[in-house]
Amino acid sequence: MKAIMEKKERDSMEKNERGSTDEEPVIYRGWKVMPFVIGNETFEKLGAIGTLANLLVYLTSVFNMKRITAATLVTIFNGTTNFATLLGAFASDTYFGRYKTLGFSSIASFMGLLLIDFTAVFKNLHPPHCKPEEKGTCKGPTAGQMAFLLTGFGMLIVGAAGIRPCNLAFGADQFDQKTESGKRGVNSFFNWYMFTFTFAQMIALTLIVYIQSNVSWGLGFGIPAILMLISCVLFFMGSKMYVKVKASGSPMKSVAQVVVVSIAKRHLKLKEPERPWLSMFVYMPPDSINSNLPCTNQFRCLDKAAILTPDDKINPDGSAADPWKLCSMQQVEEVKCLLRVLPIWAAALIYHIAIVQQHTYVVFQALQSNRRLGKTSFQIPAASYSIFLMLGMTIWIPIYDRLLVPFLQRLTGKEGGITLLQRIGIGIFLSVITMLVSAFVEQHRRTIALTKPIPGIRTRGDISSMSGFWLVPQLTLAGVAEAFAAIGQIEFYYKQFPENMRSIAGSLFFCGMAGSSYLSSALIAIVHRTTEGAKTGNWLPEDLNKGRLDYYYYLIAALGVINLGYFLMCSKWYTYKGGGDNNALEVEVVQKSHDQHEI
């Protein structure tokens, strides 16, 4: 009996491993494996956010780094982490599949968190404690200490590269999306995913950050490492029950073929420019998951890749004999989808610079503000103020979905009330308002710090008696801006990319955040060097009271206004996927004529 059960289990594992490419039915266990998938996701987020949320304070207080150095390092780290998701998505889709990528990445994240915890626990791995009287002469980290810390960062980057683009898709793989129950299961899974993300942020920005700042850095970083270990254990516990879809090859190969063939056929001309599809090779693979796209007038130079010449050979099944010499109109239009998204992505990249500041310099503003809770002696950790950004987003989303969207639907007749581009545009506009409010609050904080500082309390400058709760409006506005722009971007990329590129579409959002982090670092460096010898003094010194952070915020607001104008022009030019210019009936006739010709 035991042997029979073991054989059934092996057969089940083999079916799941084969995934959708095998003729035998795949066993979808749906909610039965969700405790492992969602548990893995929850503890992974608790571990990662619990470490990264307070990293700025750790680098400046334990590693004795200058604020501008720490801010630059964290910004570059966040940027690299997000950019690496593109490589992770490519590796998953092309070579390893989501299960193996997630398993390896989870272990890498645990190792990274463990190494960072070691830098806090062992005295030899961080500089000696800097006493208040040693201000300006604190000993910084040695090359070995920095190398150990950066190794931990590198492992976290490897972990995030695989986890971020794959975890949502892997969870959705566990449901049979061809059934109604499977579709409902996927929707519920996304809701639970957002809940776990919010839960993880709440715990990380309050409890874990408090332990790090007020109890022990070693314990504060040790807890996330332990949580990440639990995440790994939960993930591998469900291994025998998962549906493991194998890698099917990268869709980027088709993109490369269109580019190569369009260059090779650049001298050819379409017979009827007004109806280019009559000269193009029209073919749709029968097993393709992509929607059939009509011909569009944008990027017409790519249409030449699909021009059918007497030298081009067609297989009996209707496909091109050599896809590196002839591409289909469908392939060309899929590449156009990617190219049309890029200008919108560039605008989102500039937009996110404003949000980056709410995670970096706002922490420094909080450090030089009155963080006491009422008249008690309890001080809110500086990094915990970011929770108001998250609260602003999570509170606004149900208000938007339940109240505003139905009203806008009745007003405009559109499915979502407004278009995706309009939603992103509102977010960009709100980011400009966020930076203007941030500049006003910083100006007020600095004035109070210079005239009414808290007596006897100094860190890297006088502490303003202004309450830290003055930072809440700008953080709340940033959260609402993210509810419009960030969520709008994710939905926009998901819907506008070809269906077989949706993992890459997910990584594109993170790549935009990476680009924003790099641009923010470059902007900080430029402002720091440019204003160092100016009459107004350095805008971004160690002591914010001696600088003009408000001017820096005004600068970002000005860039946001320019970016908003650019985005509006791109939105007017943009053609949504499926909004083509050709006659669908004519295209069908062309494809049938190709098929009859081969017969």
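Refer to the structure presented above.
Residues numbered from 1 in each chain as written. Predicted model: local features only at pLDDT ≥ 70, side-chain atom pairs only at ≥ 80, totals over all residues. Heavy atoms only, no water.

Caption draft 1: Fine view of the overall build of the chain. Along the chain, the regular secondary structure elements total 16 helices and 2 strands. By residue count, 53% of the 599 residues in the chain fall in the buried class. A separation threshold of at least 6 residues defines the contact pool for the chain, and within that pool the share at least 24 residues apart is 80%. Carbon together with sulfur atoms contributes 65% to the accessible area of the chain, which is approximately 28,200 Å² in total. (Helix = DSSP H or I, 4+ residues; strand = E, 2+ residues; numbered from the N terminus. Buried < 20%, exposed > 50% of the residue type's maximum accessible area, 1.4 Å probe, protein only. Contact = heavy atoms within 4.5 Å. Areas by Shrake-Rupley, 256 points an atom, 1.4 Å probe, with all protein chains shown as cover.)

Caption draft 2: Expanded view of a nonpolar patch on the surface. Residues Tyr210, Val215, Leu219, Leu373, Phe378 and Phe469 make up a contiguous nonpolar surface patch of roughly 520 Å² in combined accessible area. Among the secondary structure elements, Phe469 is positioned in the loop between β2 (462-464) and α13 (472-496). Taking relative accessible area as the criterion, Phe469 reaches 35% and is therefore assigned partly exposed. (Patch = residues over 30% accessible without salt bridge, like charges linked within 9 Å, V, L, I, M, F, W, Y side chains within 5 Å. Salt bridge = Lys/Arg side-chain N within 4 Å of Asp/Glu carboxyl O.)

Caption draft 3: Region of the structure containing the packing of helix α12 (residues 420-451) against α13. Look at α12 against α13: their axes get within 8 Å of each other, and the N-to-C directions meet at 155 degrees. It follows from the interaxial angle that α12 and α13 lie roughly antiparallel. α12 and α13 meet at a crossing whose hand is left-handed. Here the contact of α12 with α13 is built from residues that sort into 19 nonpolar, 7 polar and 3 charged. (Axes fitted to C-alpha atoms, helices over the stretch in contact; angles between N-to-C directions. Parallel < 35°, antiparallel > 145°, perpendicular 65-115°, else oblique. Left-handed = near helix turned anticlockwise from the far one by under 90°. Nonpolar A, V, L, I, M, F, W, Y, C, P; charged D, E, K, R; others polar.)

Caption draft 4: Spatial organisation of helix α2 (residues 34-52). Taking 1.5 Å as the rise per residue, α2 with 19 residues should run 27 Å; its terminal C-alpha atoms sit 26 Å apart, in good agreement. Taking burial as the measure, the 19 residues of α2 include 15 buried ones, the bulk of the element. (Expected span 1.5 Å × (residues − 1).)

Caption draft 5: Inspection of the packing of aromatic side chains at higher detail. A complete count under the given rule lists 29 aromatic pairs for this structure. Measuring from ring centre to ring centre gives 5.7 Å for Tyr58 and Phe63, while their planes differ by 55 degrees; the resulting arrangement is tilted. The exposure classification of Tyr58 matches that of Phe63, with both residues buried. Between Phe235 and Phe236 the ring centres are 5.3 Å apart and the planes differ by 80 degrees, which places this aromatic pair in the edge-to-face class. The class for Phe235 is buried, based on a relative accessible area of 1%. (Phe/Tyr/Trp six-rings, centres within 6.5 Å; stacked < 30°, edge-to-face > 60°.)

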